[in-house]
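Residue-level structure breakdown
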Amino acid sequence: MIASGLARFIAAAALLMLVACGSAEEKASKAAARYDVYYARRDFYSARVEIKRALAAQDDIPEYWARLARVELATGRLLEAYEAYARLVELDPNDAEAIQAMAELSYSGGSYDDAERLADQMLEKQPRSLRMLLVKGSVAAVRHDLPAARAIAERMLAIDPSNEGGKILRARVLNLEGNRDGAIAELEKAIAADGESVAKLLTLLDLYGTKDDFPRVARTFAKLFALQPDNADLRFEYARMLYEHGRPGRALELLARLLRAHRGDAAIQQRIVDLWNEVGSDRIDVDGARRFVDRTGDRLMKIALGHLLLDQRRFAEAEAVLRPFVDMGDITAGRVEADVLYAGALSGLGRGREAKALVDRILRFDESNPRALLMRVRVATAAGDLAGALRDAQLLASDNPRMVEGRVALADIYVRRGEPVLADGAYANAMKELSDDGDMLQAYVDHLLRTRRGLMALDVARRFTRENPLSREGWRIRGELCLSLDDAACVEEVMEGIEQVPGGLKLRRILESRRAARAAGQAASTCGRTGAAC
């Protein structure tokens, strides 16, 4: 009887396990089916939710990981897509699509060794894989192994004479060899033969940008807009370029059209705010922006206008624009940004006590708010409270190591306290950790120039351009230093280096005009944005 009871118990338990397994499979299958519906509708958020439900029920099905990877790719979450493909390959090491996608994602993410290894792995099995040949050729181009890159491009075109990737790779090689006009001709010939495509036009855009050919850049953007009428990213990139080329009116017209096309879209409004902050008030017609905001803007954009006015030290106007958005009672999450900027306007108007009281209230509400902490550093510095400013600046730099303003504020406090060794260390450490940031480079160079260390500043700028060869800001700073030191060989190195930089020809003309003016004795040279004598 006991044995019989035990047997019945085991049989029942086994049946329950089978039912549970069947239930998990069924849940996963239904969730995957809902994913297919949402993905087809391009509702990628809902599709991601459903495929994650499927994986929560059954995480050993390769196709579910493939679906997750596809939706991550569709929403631009490249790291998450790579991780999903990597899990797929763990389950199915021979999945060609996953390996190829991982190779392409590795290249996009700058992991060139991994990209080449994965491409070689596929090419052993599929030696005519054009996708993997393109990855391998692109890695060779990045490493400036131009003979290898050219050979791969020719191999791709031997396999398929109309292959777009092969033609683009061949144009890139021509450009890297210094034949920019030949690269442009190569792509224009490909467009004439095979028609326009986003990939070819984007490559042309980059080439025209380095040639500083604004009319052709504008025409190429217009063609891209026709191919992708709903692509807001392209419009924001064009607006950025318009600002950088001194056409703020046209940029505002473009942004106004974007707002009309996306009426009520908070994400678009936030991106306009972010663009203004990134471009900087010196490139923006602030009065034009004010008229634009009054006509079309909402609260977010009015706060952005206040930020621009504050940057230009138009404190009374900033105070008037921001006043309606400031918390008069308790601080609230929705108004913190306006509160911080308002404190800056008060400080600029000489109302330091009110500014400090407001910032203290903000930090009691949100003690880790970096903008508020930076504002308290500035208010305390302006009031001569260097001990308090130092405490806050040290905390700010520790908690927000990539915040340039915080790192510069800390170094400046050391200068004001008469501690040059600590100031030098603060600048050097910040430059080491922000080795790709042009604003940090400018601040460090200005500090070295103020302390009469021009040669050291040049060495820092030279290292920056070596590590960031496409940074126009880095080449500008280095070029101005070369001119200030009358180093002709250094100037020629800069002139060569900016050849491949977007907007480099415009920068070259600026530097050449300054060199000519300096040779004619027309004006004293200045360095950087501060206008300090070199």
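Residues numbered from 1 in each chain as written. Predicted model: local features only at pLDDT ≥ 70, side-chain atom pairs only at ≥ 80, totals over all residues. Heavy atoms only, no water.

1. Remarks on the overall build of the protein chain
Our working rule: Only runs of H or I of at least four residues qualify as helices and only runs of E of at least two qualify as strands under DSSP, and these elements are numbered from the N terminus. For each residue, the accessible area found with a 1.4 Å probe, counting protein chains only, is set against the maximum for its type, and the residue is called buried under 20%, exposed over 50%, and partly exposed in between. Working rule for contacts: check all heavy atoms of both residues, and any pair within 4.5 Å makes them a contact. We get accessible surface area from the Shrake-Rupley algorithm with a probe of 1.4 Å; when it comes to residues, only the shown protein chains can shield them. Asp and Glu count as negative and Lys and Arg as positive, but His and the ends of the chain are not part of the count. Charge coordinates come from a single atom per side chain, which is NZ of Lys, CZ of Arg, CG of Asp or CD of Glu.
Of regular secondary structure, the protein chain possesses 29 helices and two strands. Counting only C-alpha atoms, the protein chain reaches 100 × 65 × 50 Å along its principal axes. Counting all 534 residues of the protein chain, 44% fall into the buried class. Summarising the internal contacts of the protein chain: among those between residues at least 6 apart in sequence, 50% fall at separations of at least 24. As presented, the protein chain carries roughly 27,000 Å² of accessible surface, and 52% of it is formed by carbon and sulfur atoms. The centroid of the 79 positive side-chain charges in the protein chain is displaced by 3 Å from the centroid of its 81 negative side-chain charges.

2. Observations regarding the state of the cysteines
What counts, and what does not: A pair of sulfur atoms, both from cysteines and within 2.5 Å, is called a disulfide here.
Applying the stated criterion across every chain, the model contains one disulfide. Note on cysteine connectivity: Cys-482 is disulfide-linked to Cys-490, with sulfurs 1.8 Å apart. The buried category is assigned to Cys-482, whose relative accessible area is 0%.

3. Some points on helix H23 (residues 404-416)
Where we set the bar: Expected helix span is taken as 1.5 Å per residue step, with the number of steps being one fewer than the number of residues.
The end-to-end C-alpha separation of H23 is 18 Å, in line with the 18 Å expected for 13 residues at 1.5 Å each. Here H23 has its buried residues at Val-404, Gly-406, Arg-407, Ala-409, Leu-410, Ala-411, Ile-413 and Tyr-414. The inward-facing, buried residues of H23 abut helix H21 (370-382), helix H22 (386-399), helix H24 (420-433) and helix H25 (438-450).

4. Focus: the side chain of His-447
With respect to the element layout, His-447 can be found in helix H25. Ignoring any residue separated from it by four or fewer positions in sequence, one finds His-447 in contact with Val-415, Ala-423, Asp-424, Tyr-427 and Arg-453.

5. What about H21?
Applied cut-off: Pairs of N or O atoms within 3.5 Å make up the polar contacts considered here, provided that, within protein, one atom can donate a hydrogen while the other can accept it, and that residues adjacent in sequence are counted only when both atoms are side-chain atoms.
Compared with an ideal rise of 1.5 Å per residue, which puts 13 residues at 18 Å, H21 spans 18 Å between its outermost C-alpha atoms and is within 8% of the ideal. Every buried residue belonging to H21 is among Ala-372, Leu-373, Leu-374, Met-375, Val-377, Val-379, Ala-380 and Thr-381, and all of these are buried. Structurally, H21 contributes buried residues whose contacts are with helix H17 (299-311), helix H19 (336-348), helix H20 (352-365), H22 and H23. Of the residues that open H21, the one with a side-chain oxygen 3.0 Å from the backbone nitrogen of Arg-371 is Asn-369.

6. Quick look at the packing of aromatic side chains
Operational definition: The aromatic pairing rule takes the rings of Phe, Tyr and Trp, using the six-membered ring of Trp, and pairs them if the centres are within 6.5 Å, calling planes under 30 degrees apart stacked, those over 60 edge-to-face and the rest tilted. Distance and angle both matter: a charge sits over a ring if NZ of Lys or CZ of Arg is within 6 Å of the ring centre and within 35 degrees of the ring normal.
Enumeration over the complete set of coordinates arrives at eight aromatic pairs. With a centroid separation of 5.5 Å and 25 degrees between ring planes, the pair formed by Tyr-35 and Tyr-39 is classed as stacked. One end of the pair, Tyr-35, and the other, Tyr-39, are both in helix H1 (residues 2-40), four residues apart, so they sit about a helical turn from each other. We classify Tyr-35 as buried; its relative accessible area is 2%. Judged by its relative accessible area of 29%, Tyr-39 is partly exposed. Following the ring pairs from residue to residue traces out a cluster consisting of Tyr-35, Tyr-39 and Phe-44. The ring of Phe-214 has Arg-247 sitting right over it, with the charged end atom 3.7 Å from the ring centre.

7. A few points about the nonpolar core
Inclusion rule: The definition of a nonpolar core used throughout is a set of buried Ala, Val, Leu, Ile, Met, Phe, Trp, Tyr and Cys residues joined through side-chain atoms within 4.5 Å.
Counting residues in each nonpolar core, the largest one holds 121 residues, and the members touching the most others are Tyr-243, Leu-255, Trp-276 and Phe-292. Formed by 44 residues, the second largest nonpolar core is a distinct cluster that contains Trp-65, Ala-66, Leu-118 and Ala-153.

8. Some details on the packing of helix H12 (residues 214-227) against helix H13 (residues 232-244)
Let me state the cut-off plainly: Simply put, an axis is a line fit to the C-alpha atoms, just over the touching stretch for a helix, and the angle between two N-to-C directions goes from 0 to 180 degrees. Angle categories are assigned with fixed cut-offs, so that under 35 degrees is roughly parallel, over 145 is roughly antiparallel, 65 to 115 is roughly perpendicular, and the rest are oblique. In a left-handed crossing the near helix is turned counterclockwise from the far helix by less than a right angle, and in a right-handed crossing that turn is clockwise.
Direction vectors running N to C along H12 and H13 enclose 165 degrees, while the axes themselves pass 10 Å from each other. With respect to each other, H12 and H13 are oriented roughly antiparallel. In the crossing of H12 with H13, the sense of the turn from one axis to the other is left-handed. Residues Phe-214, Val-217, Ala-218, Phe-221, Leu-224 and Phe-225 of H12 pack against Leu-234, Arg-235, Glu-237, Tyr-238, Met-241 and Leu-242 of H13.

9. Digging into the confidence of the model for the protein chain
The condition that has to hold: A score between 0 and 100, pLDDT records how confident the predictor is in each residue.
Summing up the model confidence of the protein chain, the mean pLDDT is 86 and the portion of residues at 70 or higher is 92%. Within the model, the stretch residues 523-534 combines pLDDT values under 50 with 25 contacts to residues more than four positions away or in other chains.

10. Here's the deal with unusual backbone geometry
Of note, Arg-42 is a non-glycine position whose phi angle comes to about 65 degrees, a positive value. Its relative accessible area of 62% is what places Arg-42 among the exposed residues. Here His-144, not a glycine, exhibits a phi torsion of approximately 60 degrees, which is positive. Secondary-structure assignment places His-144 in the loop between helix H7 (130-142) and helix H8 (146-159). Judged by its relative accessible area of 53%, His-144 is exposed.

11. What about the pattern of salt bridges?
Put simply, the rule reads: A carboxyl oxygen of Asp or Glu within 4 Å of a side-chain nitrogen of Lys or Arg is what we treat as a salt bridge.
In total, this model carries 46 salt bridges according to the counting rule given. Its salt-bridge partner being Glu-72, residue Arg-48 comes within 3.0 Å of it at the nearest N-O pair. Note that Arg-48 is positioned in helix H2 (residues 44-57) and Glu-72 in helix H3 (residues 62-74), a separation of 24 residues in sequence. By relative accessible area, which is 12% here, Arg-48 ends up buried. Between Asp-412 and Arg-416 there is a salt bridge, with the nearest N and O atoms lying 2.8 Å from each other. Of this pair, Asp-412 and Arg-416 both sit in helix H23, four residues apart, which is roughly one turn of that helix. Several salt bridges share partner residues, and in doing so they unite Asp-113, Glu-116, Asp-120, Lys-136 and Arg-143 into one network.

12. Things to note about the side chain of Thr-465
Along the chain, Thr-465 falls in helix H26 (residues 454-467). Residue class for Thr-465 comes out buried when judged on its relative accessible area of 2%. A distance of 2.9 Å separates a polar atom in the side chain of Thr-465 from the backbone oxygen of Arg-462. In contact with Thr-465, not counting residues within four places along its chain, are Gly-474, Trp-475 and Arg-478.

13. Comments concerning the packing of H3 against helix H4 (residues 78-91)
Think of two packed helices as two axes; the pair is described by the angle between the axes and how far apart they sit. As a reminder of what qualifies: Under the grouping applied here, Gly and all other residues not named as nonpolar or charged are polar, the nonpolar ones being Ala, Val, Leu, Ile, Met, Phe, Trp, Tyr, Cys and Pro and the charged ones Asp, Glu, Lys and Arg.
In contact at an axis separation of 8 Å, H3 and H4 are set at 165 degrees when each is read in the N-to-C sense. On the basis of the axis angle, H3 is roughly antiparallel to H4. The handedness of the crossing between H3 and H4 comes out as left-handed. Residues Pro-62, Trp-65, Ala-66, Leu-68, Ala-69, Arg-70, Glu-72 and Leu-73 of H3 pack against Leu-78, Glu-80, Ala-81, Ala-84, Tyr-85, Arg-87, Leu-88 and Leu-91 of H4. Residue composition of the contact of H3 with H4, grouped by class: 12 nonpolar, no polar and four charged.

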